[in-house]
Amino acid sequence: MGVLQNKDGIFFINKKKPFNGKLIDEDIINTAFEFAYEMAFGNGEHRKRRSGGSLVRKPLEIFLNTFQGKIAELVLDKELTSRGIETQGVDLKVFGEGIWDDRDIVANGKKLNVKSMAFFSNLFLLECKDWDKDGQYLH
């Protein structure tokens, strides 16, 4: 990736790469659905408001965000293992209020946090209050 283009103080990605997707396995979809449903409508708990945000998410929005995120974790885990990288698998534990995990995937002993987004999203919009100066997620 090259240097971002700056036009009047607004930064743009100047080297986009086209997305060439693959179909997602049905078992991944089903696993992600069951997890997201439990987190949004069952015994799980997700924040209804992002750090510093004013938008309050309804259960359906929490479900959709969780579903998309868990699909990303499961797809990445499958890709890593297919390339011979050892993982501990994706954590599918359902936590209640105030309990957070400290990673999404552990690969070759390294903790990874996975972020997914729509095509129009921007990683610059990650909540600063959720990360320390070293890029460690603050739960």
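Residues numbered from 1 in each chain as written. Predicted model: local features only at pLDDT ≥ 70, side-chain atom pairs only at ≥ 80, totals over all residues. Heavy atoms only, no water.

A. Looking closely at the overall build of the chain. Scanning the chain from N- to C-terminus turns up two helices and four strands. By the burial criterion, 23% of the 139 residues in the chain qualify as buried. Roughly 10700 Å² of accessible area belongs to the chain as shown, and the carbon and sulfur atoms make up 56% of that amount. (Helix = DSSP H or I, 4+ residues; strand = E, 2+ residues; numbered from the N terminus. Buried < 20%, exposed > 50% of the residue type's maximum accessible area, 1.4 Å probe, protein only. Areas by Shrake-Rupley, 256 points an atom, 1.4 Å probe, with all protein chains shown as cover.)

B. Looking closely at the nonpolar core. By size, the foremost hydrophobic cluster in this structure holds 15 residues, and its most contacted members are Ala32, Phe63, Phe67, Ile71, Leu74 and Ile105. Of all the secondary structure elements, the ones that give two or more residues to this core are α1 (26-41), α2 (59-82) and β3 (105-107). Looking at which element gives the most residues to this core, the answer is α2, with seven residues. Discounting chain neighbours no more than four positions away, the residues touching Phe67 are Ile29, Ala32, Phe33 and Ala36. (Core = buried A, V, L, I, M, F, W, Y, C linked by side-chain atoms within 4.5 Å. Contact = heavy atoms within 4.5 Å.)

C. How the structure looks around the packing of aromatic side chains. Across all of its chains, the model carries six aromatic pairs by this definition. Ring centres of Phe33 and Tyr37 lie 6.2 Å apart, and the angle between their planes is 20°; on these two criteria the pair is classed as stacked. Taken together, the residues Phe33 and Tyr37, both in helix α1 and four residues apart, mark about one turn of the helix. Residue Tyr37 is classed as partly exposed on the basis of its relative accessible area of 43%. With 6.2 Å between their ring centres and 35° between their planes, Phe41 and Phe63 make a pair best called tilted. Here the residue Phe41 occupies a position in helix α1, and Phe63 occupies one in helix α2, the gap between them amounting to 22 residues. Put simply, the rings of Phe33, Tyr37, Phe41, Phe63 and Phe67 pair up and form one aromatic cluster. Looking at Lys70, its charged tip hangs above the ring of Phe35, at a distance of 4.2 Å from the centre. (Phe/Tyr/Trp six-rings, centres within 6.5 Å; stacked < 30°, edge-to-face > 60°. Lys NZ or Arg CZ within 6 Å of the ring centre and 35° of its normal.)

D. Just the environment of Glu73, in detail. Within the fold, Glu73 resides in helix α2. Considered as a pair, Glu73 and Asp104 are 31 residues apart in the sequence and their alpha carbons are 6.8 Å apart. Excluding residues that lie within four positions of it along the chain, Glu73 makes contacts with Val90, Asp104, Ile105 and Val114.

E. A nonpolar patch on the surface, seen in detail. A cluster of nonpolar side chains, namely Phe33, Tyr37, Phe41, Leu60 and Leu64, defines an oily patch on the protein surface of about 500 Å² accessible area. Listing elements by their share of the nonpolar patch, those giving two or more residues are α1 and α2. Looking at which element gives the most residues to the nonpolar patch, the answer is α1, with three residues. As for its position among the elements, Leu60 is in helix α2. On the accessibility criterion, Leu60 (52% relative accessible area) is exposed. (Patch = residues over 30% accessible without salt bridge, like charges linked within 9 Å, V, L, I, M, F, W, Y side chains within 5 Å. Salt bridge = Lys/Arg side-chain N within 4 Å of Asp/Glu carboxyl O.)

F. Molecular detail of α1. Under the 1.5 Å per step criterion, the end-to-end length of α1 is 22 Å for 16 residues, consistent within 8% with the ideal 22 Å. Listed as buried for α1 are Ile28, Ala32, Phe35, Ala36, Met39 and Ala40. Taken end-on, α1 shows its buried residues confined to a sector of 125°, consistent with a single buried face. Opposite the packed face of α1, turned more than 90 degrees from it, sit the exposed residues Glu26 and Glu34. (Expected span 1.5 Å × (residues − 1). Arc of directions from axis to C-beta.)

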